[in-house]
Amino acid sequence: MPKPPRFYGNEAAQKSLRRMIKSGRIPHGFLFYGESGLGKKTLAEQLMAEMLCIGAEKPCGYCKSCRMMANQVHPDVCYVQHGGKRGGFLAETVRAVCNNIALPPNEGNKKFYLFSDCDAMDARMQNLLLKAIEEPPDYVYFIFTAGSPGALLPTVRSRIVSMAVTPVLEIQCREALLEKGYSEQECGEAIAAFHGNIGKCLEFLENAVIREIIALTKSAINSIIERNEYALLQTVNAFEKEREQARLFLTLFDRTLRDAMVHRYDPQAACIGCDPDGANALASRLSVRSGQAMHLAVDKAYAALQANVNLPLILAAFCASCMDA
Ligand SMILES: [Zn+2]
């Protein structure tokens, strides 16, 4: 029997959603936003399952609706397909949604359209949808997910309810990973790298490449501690052909930098990065100015990555700026 989706943490958001469902005054549009891996889609699925369930305790996990939901074949739930090069939505897809909302639900009295990862959804597509979001039929609900609230136009946002999804407590993350069958040790390693981000922890456990990037990040931090430019260059050269990996490396590197800056003032502060030991060692060697300069080097490299600049050039410039700092 497939289990109903379970969304961990974020108690305040869950509570206010329950309150809306209980009162029967449910907004017809939602935006769940927050970094990837935090479970925005799981929250959306839990909300839909709860609203569609015909069992006693919602979502019951047993009724016809819950079973169709768990198998992602519920006829009244539309996972709107992405299209185009940048991972947005195509005009024909959005138009089809606008036409489709006129058709009443197949099963119950509600119908959902889930637009996930809307960060690359362009303004034209959002404007196409605007009227549908403004005056949807009673049975229609829209759910959007995105990295940041700014992904959606203010005109769209003003007509829906936006909710931030945040990392969970590490103890909740451990519970979620243990439930998936991972050992205590595996959970510990994943949480040390990605803290309360359940999705990222799962990626860490399932994907050797992610573990490798963490190891390389630690080695880059160590090269900076030892002021070894050659070692740093060799480490980052591992990303020479992999833009996605370079992006994750820069994010993780920047978080450790942030941890080091915080540890200068409060050695007991909680880490957000993947290398607490490195952050501690770096903290005693890093001035505020050099920390900021390195953070700027990360920003610059990140922007160059987005602008499709040649990757080895970006990495070489990044190393040089870090060493100068
Ligand atoms: Zn049910």
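Residues numbered from 1 in each chain as written. Predicted model: local features only at pLDDT ≥ 70, side-chain atom pairs only at ≥ 80, totals over all residues. Heavy atoms only, no water.

1. Structural notes on the overall build of the protein chain
Our working definition: Numbering of helices and strands runs from the N terminus; a helix is a DSSP stretch of H or I covering at least four residues, while a strand is a stretch of E covering at least two. Each residue is assigned to one of three classes by its accessible area relative to the maximum for its type, calculated with a 1.4 Å probe on protein chains only: buried under 20%, partly exposed between the two thresholds, exposed over 50%. It only takes one pair of heavy atoms within 4.5 Å for two residues to be counted as in contact. The Shrake-Rupley method, run with a 1.4 Å probe, gives the accessible areas here. Residue values count only the displayed protein chains as cover. Charge assignment: positive for Lys and Arg, negative for Asp and Glu; neither His nor the chain ends contribute. The atom standing in for a charge is NZ when the residue is Lys, CZ when it is Arg, CG when it is Asp and CD when it is Glu.
Looking only at helices and strands, one finds 15 helices and five strands in the protein chain. With respect to the principal axes defined by its C-alpha atoms, the protein chain has extents near 65 × 45 × 35 Å. Residue burial in the protein chain is summarised as follows: out of 325 residues, 47% are buried. Long-range contacts, defined here as pairs at least 24 residues apart, represent 68% of the contacts in the protein chain between residues at least 6 apart. Surface summary for the protein chain: the accessible area is close to 16500 Å², and the carbon and sulfur share equals 52%. One finds the centroid of the 36 positive side-chain charges in the protein chain at a distance of 6 Å from the centroid of its 35 negative side-chain charges.

2. Digging into the coordination of the zinc ion
Here is the rule: Here a donor is any nitrogen, oxygen or sulfur atom (N, O, S) within 2.8 Å of the metal, with 3.2 Å used for Na, K and Ca; water is not among the atoms considered, so some sites may look incomplete. Here the metal geometry follows the donor angles, with tetrahedral for four donors whose angles all fall between 85 and 135 degrees, square planar for four and octahedral for six when opposite donors are more than 155 degrees apart and every other angle is between 65 and 115, and irregular for all the rest.
Distances from the zinc ion to its protein donors, Cys53 (SG), Cys60 (SG), Cys63 (SG) and Cys66 (SG), fall within 2.2 to 2.4 Å. Taken together, the four donor atoms coordinating the zinc ion and their angles of 105 to 117° define a geometry best described as tetrahedral. Look at where the donors of the zinc ion fall in the sequence and you get C-x6-C-x2-C-x2-C. Judged on exposure class, the residue Cys53 and its partner Cys60 are both buried.

3. What about the sheet that holds strand E4 (residues 140-146)?
Our working definition: Pairing between strands is defined by DSSP: at least two bridges between the two strands are required. Here an angle of 0 to 180 degrees is reported between the N-to-C directions of two axes, which are lines fitted to C-alpha atoms, with helices fitted over the stretch in contact.
Ordered in space as E2-E3-E4-E1-E5, the five strands form an open sheet in which the pairing is parallel. Each having just a single partner strand, strand E2 (77-79) and strand E5 (161-164) make up the two edges of the open sheet. For this sheet the average axis-to-axis angle between neighbouring strands, irrespective of direction, equals 15°. Where strand E3 (residues 111-115) meets E4, five bridges bridge the pair, whose relative direction is parallel. Within E4, the position partnered with Lys111 by the bridge is Val140. Helix-sheet contacts for helix H1 (residues 11-23) involve strand E1 (29-33) and E5, and the interaxial angle to E5 is about 150°.

4. Notes on the domain arrangement of the protein chain
The test is simple: Domain segmentation is taken from an automatic or database assignment of domains. Buried area adds together the accessible area that both of two parts lose upon being put together, with accessible area traced by a 1.4 Å probe. For this analysis, a salt bridge means a side-chain nitrogen from Lys or Arg found within 4 Å of a carboxyl oxygen belonging to Asp or Glu. In the analysis that follows, any N or O atom pair within 3.5 Å is treated as a polar contact, provided that within protein one partner can donate a hydrogen and the other can accept it, and provided that, for residues neighboring in sequence, both atoms belong to side chains. Here the term charged refers only to Asp, Glu, Lys and Arg, the term nonpolar to Ala, Val, Leu, Ile, Met, Phe, Trp, Tyr, Cys and Pro, and the term polar to all other amino acids, Gly among them.
Domain parsing of the protein chain yields domain 1 (11-164), domain 2 (169-206) and domain 3 (208-324). With five residues of domain 1 at the interface, the matching set in domain 2 holds six residues. Here domain 1 packs against domain 2, burying approximately 320 Å² in sum over the two surfaces, 27% of which is carbon and sulfur. Interface area lost by domain 1 to domain 2 is led by Glu11, Ser36 and Gly37, which between them contribute 75%. At the boundary of domain 1 with domain 2, the tally comes to zero salt bridges. At the boundary of domain 1 with domain 2, the tally comes to five residue pairs in polar contact (both at pLDDT 80 or more). The class makeup of the residues in the side of domain 1 that touches domain 2 is one nonpolar, two polar and two charged.

5. Some thoughts on the packing of helix H7 (residues 170-179) against helix H8 (residues 184-194)
Put simply, the rule is: Here roughly perpendicular refers to angles of 65 to 115 degrees, roughly parallel to angles under 35, roughly antiparallel to angles over 145, and oblique to all remaining angles. Crossings are classed by handedness, with left-handed meaning an anticlockwise turn of the near helix from the far one by less than a right angle and right-handed meaning a clockwise turn.
As a packed pair, H7 and H8 sit with axes 10 Å apart at the nearest point and diverge in direction by 135°. In terms of orientation, H7 and H8 fall into the oblique class. Two packed elements cross with a definite hand, and for H7 against H8 that hand is right-handed. Judged by residue contacts, Glu170, Cys173, Arg174, Leu177 and Leu178 of H7 engage Glu184, Cys187, Gly188, Ala190 and Ile191 from H8. Residue classes in the contact of H7 with H8 are distributed as six nonpolar, one polar and three charged.

6. Focus on the nonpolar core
The following threshold applies: To qualify as a nonpolar core, a set must consist of buried Ala, Val, Leu, Ile, Met, Phe, Trp, Tyr and Cys residues joined through side-chain atoms within 4.5 Å.
Formed by 52 residues in total, the largest nonpolar core has its most connected members in Leu177, Phe194, Phe204, Phe249, Phe253, Leu282 and Phe318. For this core, the element with the highest residue contribution is helix H12 (residues 243-265), accounting for nine residues. Here this core spans two domains, and each of domain 2 (169-206) and domain 3 (208-324) adds at least three residues to it. Residues in contact with Phe253, not counting those within four places in the same chain, are Thr217, Ala220, Ile221, Ile224, Met294, Val298, Phe318 and Cys322. Ile101, Val140, Leu152 and Ile160 belong to the second-largest nonpolar core, a separate cluster that totals 25 residues.

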